[in-house]
Number of protein chains: 4
Amino acid sequence: MIAVLKPGVSKQQMENLIMWFKGRGLDVHISEGKYQTVLGLIGDTSKVDIDLLNGLEIIESVKRISDPFKSANRKFHPDDTIIDVSGYKIGGGNFQFIAGPCSVENHDQILEVAQGVKNAGANLLRGGAFKPRTSPYDFQGLKGEGIELLLEAKQKTGMPIVTEIMNINNLDLYEQVDVIQVGARNMQNFDLLKELGHTGKVILLKRGLANTMKELLMSAEYIMAGGNEQIILCERGIRTFETYTRNTLDLAAVPMLKELTHLPVIVDPSHATGMARLVKPMAMAAAAAGADGLMIEVHNDPKNALCDGAQSVTPQEFADIANRVRKIREVIQQ
Amino acid sequence: MIAVLKPGVSKQQMENLIMWFKGRGLDVHISEGKYQTVLGLIGDTSKVDIDLLNGLEIIESVKRISDPFKSANRKFHPDDTIIDVSGYKIGGGNFQFIAGPCSVENHDQILEVAQGVKNAGANLLRGGAFKPRTSPYDFQGLKGEGIELLLEAKQKTGMPIVTEIMNINNLDLYEQVDVIQVGARNMQNFDLLKELGHTGKVILLKRGLANTMKELLMSAEYIMAGGNEQIILCERGIRTFETYTRNTLDLAAVPMLKELTHLPVIVDPSHATGMARLVKPMAMAAAAAGADGLMIEVHNDPKNALCDGAQSVTPQEFADIANRVRKIREVIQQ
Amino acid sequence: MIAVLKPGVSKQQMENLIMWFKGRGLDVHISEGKYQTVLGLIGDTSKVDIDLLNGLEIIESVKRISDPFKSANRKFHPDDTIIDVSGYKIGGGNFQFIAGPCSVENHDQILEVAQGVKNAGANLLRGGAFKPRTSPYDFQGLKGEGIELLLEAKQKTGMPIVTEIMNINNLDLYEQVDVIQVGARNMQNFDLLKELGHTGKVILLKRGLANTMKELLMSAEYIMAGGNEQIILCERGIRTFETYTRNTLDLAAVPMLKELTHLPVIVDPSHATGMARLVKPMAMAAAAAGADGLMIEVHNDPKNALCDGAQSVTPQEFADIANRVRKIREVIQQ
Amino acid sequence: MIAVLKPGVSKQQMENLIMWFKGRGLDVHISEGKYQTVLGLIGDTSKVDIDLLNGLEIIESVKRISDPFKSANRKFHPDDTIIDVSGYKIGGGNFQFIAGPCSVENHDQILEVAQGVKNAGANLLRGGAFKPRTSPYDFQGLKGEGIELLLEAKQKTGMPIVTEIMNINNLDLYEQVDVIQVGARNMQNFDLLKELGHTGKVILLKRGLANTMKELLMSAEYIMAGGNEQIILCERGIRTFETYTRNTLDLAAVPMLKELTHLPVIVDPSHATGMARLVKPMAMAAAAAGADGLMIEVHNDPKNALCDGAQSVTPQEFADIANRVRKIREVIQQ
């Protein structure tokens, strides 16, 4: 960590500051320039509050040299973390498809889609029971009943299930859920993250719409600080000025995150683009970028259903995507 | 609402769609162009799910003509809402200063700051007890004890208090809190919003870092849908590519929001800029833009304290700001 | 095009407006709703100035239904445009690698890199002679001498060359240049675009740092309006709030643009990420997303050179990238 | 400037690097940490190319401590620059209104508006002759004829004139133009900036739609490097995800820029918001934020004209704005 002092700081002020750093176990190297003095802080600076430092009258700016995340940091944990969901592994060279409908709608729909994506090569089933919607007037999901239906599909197909949590008070509904998803809008719902850190569940943590990779890793750190290190990160598009696509899928985040952290990184091309016809190229691109998995929305009959999304593909389309993705995986593993 | 059909849609498909709209109580006007057919949907479209429509195979695009928010919409409620906090009014020409420390630290600090800002013209006291921090290693606030200290300051000074909630399970701690703040990171924590909709509390709803004005109004709508119409909106800076300032304070949002909604709109210049020396010009600018109030971080001794923010001003600086803001208010009210 | 009138517009005002539209050859369909009247404008609205309409007192908002670009629009030109550069085709299923150094530095460097990338499978040679730099104190390129060196490399290797133009007054220097590049910062230098529209040169038009796909297509339209339809579009990353990568490569722009336009779309993964180690995964991802080509920075010895970019790969690394990209092309063409 | 070395750099590599820095006249301070070595570079680093450094194999990251602009930097030029346009001063406590139509349309229009804004308190007349438009099909301005009309208005009213240049080849048309404007889209048209650096004209440099303050100052530096230090900076809104307003006016840029540079900073509230009804509050806010001037679009009859912008106010509205802005100036100067 580098602290640049303002011009004209007194000897006494500087010494006080250095004492304060040393009291926090840090070594301080001093570089006095013509215009400015720069302090280099050596040691574990991950627990130094950068906002507090910036607030000091005598400091012009503070910059971190090392990343503020520890448990998620690849520097201190060079080997890939491999997440095992009922025998299906993600990370460390293992790749999984997570597929299913945007929302669980009814018994027949979820079973039909589950069977369809399983046949097409998906190993994990996703489905929304609690749905975060911008408008209070939009459909909010089947809630507890949706989870029941997912569990039924799990039992019938043997697929572990992935579904989103919006409220920690519903945690007991997720007892048999295999992977708990934290949605983009809750990525910085720190109280939720803390509580999930005390569960033994695999957490699928989605990047927020306007959150940096660093913030995503800090949110993972919240969960890991509680003792739960079973986290899958998910890139799902960020908010930009572009309007043709719903969000901008940041695929460079895949290799970048994998350099920064040992946690597996998957991609959700369905939400990012908001258009079914873009799911196939972006799924293939995500695989080519090195993703450890894909989460794809699949619906049994998007053409006729009035209640399904622009972003869902059919099981047949999903099968084609999965097939090509597997071939791309071969190319990158050569 | 306008639905543009894809070229080549069959007569039957179009009729099915029109029947579906009519079943939702909407009138449909048809404009057939050379390349495309456009349907105009007349009636209350606020409850039509635009994502669902976009998902239909036969639809190219859907655009809203009217805003998707109802209760917060000035069109249906032309008069300014005036929020009354223990006799201090906000909105409809009434302006208030909300001031206090970023975090409540201890008994002496909160009392000294409270007295200082009261003397300088603030009527409401703010202070953070539960603090949302990006890093789990940063100070998370005094929590329940912080609220106790705020209540003590309220009793001693007579100032109503404003403090943030992060977890609905802590609601009983806020029984004597006058204004409950929903922070930027929780603006789309819909479960929290719904619960606050069932309280009788005044809610100060901050705009999310990367949320549009429309989304802010939809979040207000979540609270209002539960029956609670006592909402103050707060602009506090949005995330952009600029790095010299922490966020970009969107002051045009003040007159724009006041045109769209009848709810009062205040501005927080401290968080937006992250720098104490920018608080004064931006507070004055916010008042000139027509804000109904200002929320400003004030600390008793930012120069010497190691634990205070770059963004806090002293009570003396606050007094100067408040004095100039009052004069600017006179100019805009002439 | 849809024009929503303000509530309370008089019959006379509306009739004047309708007459004005009809005078521009447009048909007008009127939908009168309870709160608002909506006019649907049918016909060629590409030449209606949306800003002018928005300025009218009686209009609340105007929305385009059809895209404002014509010559570049796939709707009016369904077949892929194929660009032929000295026998090397781009678009319509044809893919090319464009490779070479960021800046032309000297005779040996450009010849060595040219030979290296040719051996590795590149058919077009790129190299910067005029360099747009944020700082006036940074290296601005070898200018005319750089173009001379590129032409020498062209003669020795037989590779057509691609290089950027910054000033239309230098056009005569580009007489033997095969593809003239318009850089991101000049994407809306409309005078430059107009002049290039009067040349017979192939133009490689890069998307601006903060420009939408629609604006990119409108800039292509500027060139095409002058009669030059030989345009290759290039996605090279957009500006967002993320800081780990230099820009955010918008790969969904590839399939989206190819749906909107018949022009070929290539990707520059070097500038987008700013890091050599991200070039390989993003090049592969771009190919998987359906790009018609890749433009990649290659340097003969980036490790030892003090004057080369973080974003350049070696000829050996480029050969590996090219090899894998060809295999990915096979997967998408199956 | 701080250079962080990668772990595992050899003694020899580090020494080579240090020699290279010393060859550029820099002192190097070395801080060896447990995980990483950090080099502090002391001296004039404004001419070190940060991209080149980032490209070195042995460097993990490079951060500037001091700003890369010199001539524009307040540190080396503490006193405000005062620009004098025919006796009307801008900067150093002097404030001017620049007003006039978006486009010069005809003789009567420009004279009527000029007289109107003069009566209302404007000292400089603006008007567009060469217009940068996103679409080649939109009105591109009266060009040379527009400048003629502006010069006529100048002669009749005695007001100095401000108008935009888009092409350096038109420079001779600007001989009697008092202030040459560089528009947002040309802020990084470096060849244009360089040429303007060799003129003796006052340059009004607008911030690009997606450019940082640092880049704005670097573009000023391009002009100043040529010897022309007569520059007025102009904030006119940046591109964000918000869609209700055309751009997001970044008013915190006013005090921030004035801290970073000695050049005057004015604000254009018309383009930023794109809506006449937001011009008044944002003009007042800009003045309250400390702007040195305002540039406002004024039209003689926006209500009836079919060819004028949503963003223009009438001379009467302008007079009210100017009147209130003067009162706000009094408040900030107290």
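Residues numbered from 1 in each chain as written. Chains lettered and ligands numbered in written order. Predicted model: local features only at pLDDT ≥ 70, side-chain atom pairs only at ≥ 80, totals over all residues. Heavy atoms only, no water.

Some words on the interface of chain B and chain A
Counting residues at the interface gives 52 residues for chain B and 52 residues for chain A. Our enumeration of links across chain B and chain A arrives at 2 salt bridges. With a closest N to O distance of 2.6 Å, Glu215 of chain B and Arg239 of chain A form a salt bridge. Counting every contact that joins chain B to chain A gives 19 residue pairs in polar contact (both at pLDDT 80 or more). (Contact = heavy atoms within 4.5 Å. Salt bridge = Lys/Arg side-chain N within 4 Å of Asp/Glu carboxyl O. Polar contact = N/O pair within 3.5 Å; in protein donor to acceptor, adjacent residues only side chain to side chain.)

Focus on the relation of the copies chain D and chain A
In screw terms, the move from chain D to chain A is a rotation of 180° and a rise of 0.1 Å along the axis, fitting with an RMSD of 0.1 Å. Classification of the inter-copy transformation places it as that of a two-fold axis. Every residue of chain D has its C-alpha some distance from the rotation axis, and the shortest such distance is that of Phe241 of chain D, at 2.3 Å. In this assembly, 100% of the residues forming the interface of chain D have copies in chain A that are likewise at the interface, indicating an isologous arrangement. (Least-squares fit on C-alpha atoms with pLDDT ≥ 70 in both.)

Re unusual backbone geometry
With a phi angle near 50°, Ser86 of chain A is a residue other than glycine that sits in the positive phi range. Look at Ser86 of chain A and you get exposed, because its relative accessible area is 53%. (Buried < 20%, exposed > 50% of the residue type's maximum accessible area, 1.4 Å probe, protein only.)

Considering the relation of the copies chain B and chain A
Note on the identical chains: chain B maps onto chain A by a rotation of 180° and an axial translation of 0.0 Å, with an RMSD of 0.1 Å. Of the residues that chain B buries at the interface, 100% are likewise interface residues in chain A, meaning the two copies contact each other through the same surface.

Some points on the domain arrangement of chain A
Domain annotation of chain A identifies domain 1 (2-63) and domain 2 (83-332). Taking only C-alpha atoms into account, the centre of domain 1 of chain A sits 43 Å from that of domain 2 of chain A. (Domains from an automatic or database assignment.)

With respect to the side chain of Arg236 of chain D
Residues and elements named next belong to chain D. By the element assignment, Arg236 lies in the loop between strand E12 (231-235) and helix H7 (253-260). It is Asp268 that comes nearest to the buried, bridge-free Arg236 among opposite-charge side chains, at 5.8 Å. A polar atom in the side chain of Arg236 sits 3.3 Å from the side chain of Asn247. Non-local contacts of Arg236, meaning those with residues more than four positions away in its chain, are made with Ala184, Lys206, Arg207, Leu209, Asn247, Leu249, Asp268, His271 and Ala272. (Helix = DSSP H or I, 4+ residues; strand = E, 2+ residues; numbered from the N terminus. Lys, Arg positive; Asp, Glu negative; His and termini not counted.)

As for the side chain of Thr163 of chain D
Residue and element names in this part refer to chain D. Mapped onto the secondary structure, Thr163 falls in strand E9 (residues 161-165). Thr163 gets classed as buried once you look at its relative accessible area, which sits at 0%. Excluding residues within four positions of it along the chain, Thr163 makes contact with Gly127, Gly128, Ala129, Ile147, Leu150, Tyr174, Val177, Val179, Ile180 and Gln181.

Quick word on the sheet that holds strand E1 (residues 2-5) of chain D
By definition, the strands of a sheet pair up through backbone hydrogen bonds, in either a parallel or an antiparallel sense. Residue and element names in this part refer to chain D. Pairing is antiparallel across the open sheet formed by 4 strands, whose spatial order is E2-E3-E1-E4. Two strands bound the open sheet, and with one partner strand each, they are strand E2 (27-32) and strand E4 (59-63). Averaged over neighbouring strand pairs, the angle between their axes works out to 20° when direction is ignored. By the bridge criterion, 4 bridges tie E1 to E4 in an arrangement that is antiparallel. Residue Ala3 lies in a different strand from E4, and its bridge partner there is Val62. (Pairing = 2+ DSSP bridges. Axes fitted to C-alpha atoms, helices over the stretch in contact; angles between N-to-C directions.)

As for the interface of chain D and chain A
Counting from both sides, the interface comprises 21 residues of chain D and, opposite them, 21 residues of chain A. The contact between chain D and chain A buries some 1700 Å² in all, and 68% of this surface belongs to carbon and sulfur atoms. At the junction of chain D with chain A, the criterion picks out 0 residue pairs in polar contact (both at pLDDT 80 or more). Of all the secondary-structure elements, those providing two or more residues to the side of chain D that touches chain A are E1, E2, strand E3 (37-42) and E4 of chain D. (Buried area = accessible area lost by both parts, 1.4 Å probe.)

Things to note about the environment of Gln230 of chain A
Residue and element names in this part refer to chain A. In this structure, Gln230 sits in the loop between helix H6 (213-225) and strand E12 (231-235). According to the relative accessible area criterion, Gln230 is partly exposed, its value standing at 30%. Separated by 94 residues in sequence, Gln230 and Pro136 have C-alpha atoms that sit 33 Å apart. Apart from residues lying up to four places away in sequence, Gln230 is in contact with Ile83, Gly200, Lys201, Val202 and Ile203.

Focus on helix H6 (residues 213-225) of chain C
Residue and element names in this part refer to chain C. The end-to-end C-alpha separation of H6 is 18 Å, in line with the 18 Å expected for 13 residues at 1.5 Å each. Among the 13 residues of H6, 11 are classified as buried, and the element is accordingly described as predominantly covered. Within the sequence span of H6, burial applies to Met213, Glu215, Leu216, Leu217, Met218, Ser219, Ala220, Glu221, Tyr222, Ile223 and Met224. At the C-terminal side of H6, Gly227 shows a positive phi close to 110°. (Expected span 1.5 Å × (residues − 1).)

Description of helix H7 (residues 253-260) of chain C
Among the 8 residues of H7 of chain C, 7 are classified as buried, and the element is accordingly described as predominantly covered. When we look at burial in H7 of chain C, the residues that qualify are Ala253, Val254, Pro255, Met256, Leu257, Lys258 and Leu260 of chain C. Contact partners of the buried residues in H7 of chain C: helix H9 (276-288) of chain A together with H6, strand E12 (231-235) and strand E13 (265-267) of chain C.

Structural notes on the sheet that holds strand E3 (residues 37-42) of chain C
Residue and element names in this part refer to chain C. Spatially, E2-E3-E1-E4 is the arrangement adopted by the 4 strands of the open sheet, whose pairing is antiparallel. Edge positions in the sheet fall to strand E2 (27-32) and strand E4 (59-63), since each of these pairs with one other strand and no more. On average, adjacent strands in this sheet sit at an angle of 20° to one another, irrespective of strand direction. With 6 bridges connecting them, E2 and E3 associate as antiparallel partners. Residue pairing in the sheet places Ile30 in a bridge with Leu39 of E3.

Details of the packing of aromatic side chains
Enumeration according to the criterion identifies 20 aromatic pairs over all chains in this entry. Of the aromatic side chains, those joined through ring pairs into one cluster are Phe95, Phe97 and Phe318 of chain A. For the cation-ring pair, Lys70 of chain B lies above Phe76 of chain B, with the distance from its terminal atom to the ring centre recorded as 5.1 Å. (Phe/Tyr/Trp six-rings, centres within 6.5 Å; stacked < 30°, edge-to-face > 60°. Lys NZ or Arg CZ within 6 Å of the ring centre and 35° of its normal.)

Considering the pattern of salt bridges
Here the structure, examined in full by the defined rule, presents 52 salt bridges over all chains. The residue Lys280 of chain B makes a salt bridge to Asp320 of chain B at a minimum N-O spacing of 3.0 Å. Here Lys280 of chain B is found in helix H9 (residues 276-288), whereas its partner Asp320 of chain B is found in helix H10 (residues 315-333), with 40 residues between them in sequence. Lys280 of chain B sits in the partly exposed class, given a relative accessible area of 30%. Its relative accessible area of 26% is what places Asp320 of chain B among the partly exposed residues. Each of Arg207, Glu235 and Asp250 of chain A together with Glu242 of chain C takes part in salt bridges that share partners, so that together they form one network.

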